[in-house]
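Each chain, written out:
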Amino acid sequence: MNKARFSRLGFILAAAGSAVGLGNIWKFPYMTGENGGGAFVLIYLFTITFIGLSLFIAEVLLGKASRNDAVSTFEELAPKNGHIWKYAGFMIFTGLLIFSFYTIVIGWILKYIYVSATSLPLNAKEAGAAFGGMVTTETFTQFAFFNLAFFIIMFILSKGIKQGIEKINLILMPLLIGILLALLLYATTLNGFSQALDFLFVPDWSKVTSTTIIKAVGHAFFTLSVGMGTIMTYAASLNKDANIVRASASVAILDTVIALVAGIVIFSFVFNAGAEPSAGPGLVFISLPTIFSSFGILGNIFSVSFFVALAFAGITSAVSIIEPGVLYMNTRFKISRIKSLVILGFITYGMGTMALLSNVKEYASYVTFGGKGFFDILDFASSSILMPLGGIIIAIFVGYVMQKERVYSLLKDHTNDSIFNLWYFSIKYITPIGVLAIMINELFFK
Ligand code: PHE
């Protein structure tokens, strides 16, 4: 059993802190840029509303009902065959894959706080060369910043739910929102602002392929942190009187608004400078610093603020990615928090190092499998396969394995019957069938 408890605001902030991360500010804009803009955004919004939020509610409900780690949750809440269902809980290990590459990106961000404060690149060519150079040749610098990110996150985690996770979110989330809003306010004054709105909200369906759809769906999972037990684990520390539906909806709305605001800010700057929206993972590292550099010292301030906000968002998510594993080892094997962190830390540090080297030219061939670098494998396996798979399992568990009366009794005080029915329909039919169809199409028919 899990004894530490979040305060009500603490849970919402921590869950929002988990959801709002690099997915919103780094990944969402570049994926939108690569996948044609408005149409991608619409599919993503649709998936968040009908699949992501439903699963989020399901995870909170499961965690709150069992108050236990994810493996025990499936084991205890299954009406029968708990000894088999407990294996569903192994979705928590998806977190190890995500954590490994996530920390590398946080390392890049920390380096860019330094770059922003000292010397911003003067043009896109220079910026592209600087970012590309860092990723593909600067093994030592990258490794140093990866270590810094890794140990900051481990330090916070070592302090536990209340003193570590809740506290850091209480401070960093409002700061992140403040910085983003200030940047948005400034973006409205730029010429690129209306172009950014068009790009994000006017869909061009000719750009949509089945890959666009799976990417949007995978990203909806990633951005809400669902399908791998993180939300379930946080909900195990939820206080008794919290409203599951309201808390979940607040987090989903906040997460979506922040992604859209980040998108508007970034594309306003990008279009203003006539830069390319489809720059890929380098988008925020290449376009933004170049654009900021034309503002003189003000640009340095903007740039530092932006990367600090991004680092905050990343750190509050990173702590949630590995927490399911910690709670699992802690409750099932009585391994202390610190020892669990050391064990999980070893694994993720090892995989992180491999992922980092897979981007470095000199070593890439050693850590490339089937034509894909280890970094990309971790990203693809987690967002496009493991999280959607975890989502399907959760939907089947709540929709078919648990009795409807039980599920209803857990939710009835939190919502009215029509919302319950809509949610139940989504969990039973839309989520498992929709996600499975998309995955099969992507994996076997392409
Ligand atoms: N939701 C986080 C983001 O958008 C990533 C994440 C995935 C966090 C899975 C926890 C679990 O960056």
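What counts, and at which threshold
- Residues numbered from 1 in each chain as written.
- Predicted model: local features only at pLDDT ≥ 70, side-chain atom pairs only at ≥ 80, totals over all residues.
- Heavy atoms only, no water.
- Helix = DSSP H or I, 4+ residues; strand = E, 2+ residues; numbered from the N terminus.
- Contact = heavy atoms within 4.5 Å.
- Areas by Shrake-Rupley, 256 points an atom, 1.4 Å probe, with all protein chains shown as cover.
- Core = buried A, V, L, I, M, F, W, Y, C linked by side-chain atoms within 4.5 Å.
- Buried < 20%, exposed > 50% of the residue type's maximum accessible area, 1.4 Å probe, protein only.
- Salt bridge = Lys/Arg side-chain N within 4 Å of Asp/Glu carboxyl O.
- Patch = residues over 30% accessible without salt bridge, like charges linked within 9 Å, V, L, I, M, F, W, Y side chains within 5 Å.
- Axes fitted to C-alpha atoms, helices over the stretch in contact; angles between N-to-C directions.
- Nonpolar A, V, L, I, M, F, W, Y, C, P; charged D, E, K, R; others polar.
- Phe/Tyr/Trp six-rings, centres within 6.5 Å; stacked < 30°, edge-to-face > 60°.
- Near = heavy atom within 4 Å.
- Polar contact = N/O pair within 3.5 Å; in protein donor to acceptor, adjacent residues only side chain to side chain.
- Parallel < 35°, antiparallel > 145°, perpendicular 65-115°, else oblique.
- Left-handed = near helix turned anticlockwise from the far one by under 90°.

Novice: Give a detailed account of the overall build of the chain, specifying residues and quantitative values.
Specialist: For the chain, the count of helices and strands is 20 helices and two strands. Once the C-alpha set of the chain is aligned to its principal axes, its extents read approximately 65 × 45 × 45 Å. Of the contacts formed within the chain by residues at least 6 apart in sequence, a portion of 83% connects residues at least 24 apart. Only carbon and sulfur atoms are counted for the fraction: they give 68% of the accessible area of the chain, which is about 17,100 Å².

Novice: Any chance you could break down the nonpolar core for me, citing the residues and the numbers?
Specialist: Judged by nonpolar contacts, the single largest core of 159 residues is most densely connected at Trp108, Phe285, Phe306 and Trp423. For this core, the element with the most residues is helix α13 (residues 244–272), which contributes 17 residues. Those residues in contact with Trp423 that sit more than four places away from it in its chain are Ser54, Ile57, Ala58, Leu61, Val398, Val407 and Leu411.

Novice: Let's hear about the pattern of salt bridges: which residues, and what values?
Specialist: A complete count under the given rule lists five salt bridges for this structure. Its salt-bridge partner being Glu138, residue Lys111 comes within 3.4 Å of it at the nearest N-O pair. Here Lys111, found in helix α6 (residues 94–118), pairs with Glu138, found in the loop between α7 (124–136) and α8 (139–158); they are 27 residues apart in sequence, far enough to count as distant.

Novice: Give a detailed account of unusual backbone geometry, specifying residues and quantitative values.
Specialist: Leave glycine aside and you will find that most residues have negative phi; peptide bonds, for their part, are mostly trans. One non-glycine residue with positive phi stands out, namely Ser225, at about 60 degrees. Here Ser225 shows up in the loop between α11 (210–224) and α12 (230–235). The buried category is assigned to Ser225, whose relative accessible area is 7%. With phi around 55 degrees, Lys334 is a residue other than glycine that occupies positive phi space. Here Lys334 shows up in the loop between α15 (297–333) and α16 (337–359). The class for Lys334 is exposed, based on a relative accessible area of 68%.

Novice: With reference to specific residues and values, describe a nonpolar patch on the surface.
Specialist: A cluster of nonpolar residues, Phe46, Phe50, Ile396, Tyr400, Phe425, Tyr429, Ile430 and Ile433, forms a patch on the protein surface that exposes about 750 Å² of accessible area. In terms of residue count, the dominant contributor to the nonpolar patch is helix α20 (residues 417–444) (four residues).

Novice: Describe the packing of helix α2 (residues 22–34) against α15, naming the residues involved and giving the relevant values.
Specialist: The interhelical angle for the contact between α2 and α15, taken along N-to-C directions, is 115 degrees, at an axis separation of 8 Å. Contacts between α2 and α15 pair Leu22, Ile25 and Trp26 from the former with Phe306, Leu310, Ala313 and Gly314 from the latter. Among the residues forming the contact of α2 with α15, the class breakdown is six nonpolar, one polar and no charged.

Novice: Got a sec to walk through the packing of aromatic side chains? Specific residues and values, please.
Specialist: The full count for this structure, using the stated rule, is 45 aromatic pairs. Between Phe90 and Tyr328 the ring centres are 6.0 Å apart and the planes differ by 70 degrees, which places this aromatic pair in the edge-to-face class. Residue Phe90 is located in the loop between α5 (82–85) and α6, and its partner Tyr328 is located in helix α15; the two are separated by 238 residues in the primary sequence. Taking the relative accessible area as the measure of exposure, Phe90 reaches 32% and is therefore partly exposed. Since its relative accessible area comes to 9%, Tyr328 is described here as buried.

Novice: Which residues make up the site of the ligand, and what values do they have?
Specialist: Every one of the 17 residues lining the ligand counts as a neighbour, but Ala19, Gly23, Tyr102, Phe222 and Ser225 are closest to it. Contact between the ligand and Ala19: an oxygen atom at 3.0 Å from a main-chain N or O atom of the residue. Contact with the protein chains removes 100% of the 330 Å² of surface that the ligand exposes when unbound. For the shell around the ligand, the secondary-structure elements that each account for two or more residues are α1 (8–19), α2, α6, α11 and α15. A per-class count over the shell around the ligand returns eight nonpolar, nine polar and no charged.

Novice: Lay out the environment of Gly164 in plain terms, naming residues and giving numbers.
Specialist: Summarising the element assignment, Gly164 is placed in helix α9 (residues 160–187). For Gly164, a relative accessible area of 4% translates into the label buried. Sequence spacing of Gly164 and Ile153 is 11 residues, and the spatial spacing of their C-alpha atoms is 9.7 Å. Other than its neighbours up to four places away in sequence, Gly164 contacts Ile156 and Lys159.

Novice: Hey, could you go over the packing of helix α3 (residues 38–66) against α11 for me, with residue numbers and the actual values?
Specialist: Packing of α3 against α11 leaves a shortest axis separation of 8 Å and a crossing angle of 45 degrees. In terms of orientation, α3 and α11 fall into the oblique class. Crossing of α3 over α11 shows right-handed handedness. Between α3, through Phe40, Ile43, Tyr44, Thr47, Ile48, Ile51, Gly52, Leu53, Leu55 and Phe56, and α11, the contact on the second element is made entirely by Thr212, Ile213, Lys215, Ala216, Val217, His219, Ala220, Phe221, Thr223 and Leu224.

Novice: So what's going on with the side chain of Ser340? Which residues, and what values?
Specialist: Structurally, Ser340 can be placed in helix α16. With a relative accessible area of 0%, Ser340 lands in the buried category. Within the structure, the side chain of Ser340 is placed 3.5 Å from the backbone oxygen of Ile335, a separation counted as a polar contact.

Novice: Which residues make up the environment of Ile106, and what are the values?
Specialist: Mapping Ile106 onto the fold places it in helix α6. In this structure Ile106 comes out as buried when scored by relative accessible area, which is 0%. Taking the C-alpha atoms as reference points, Ile106 and Gly314, 208 residues apart in sequence, are found 6.3 Å from one another. Each residue touching Ile106, except ones within four places of it in the same chain, is listed here: Leu22, Ala149, Ile153, Gly314, Ile315 and Ala318.

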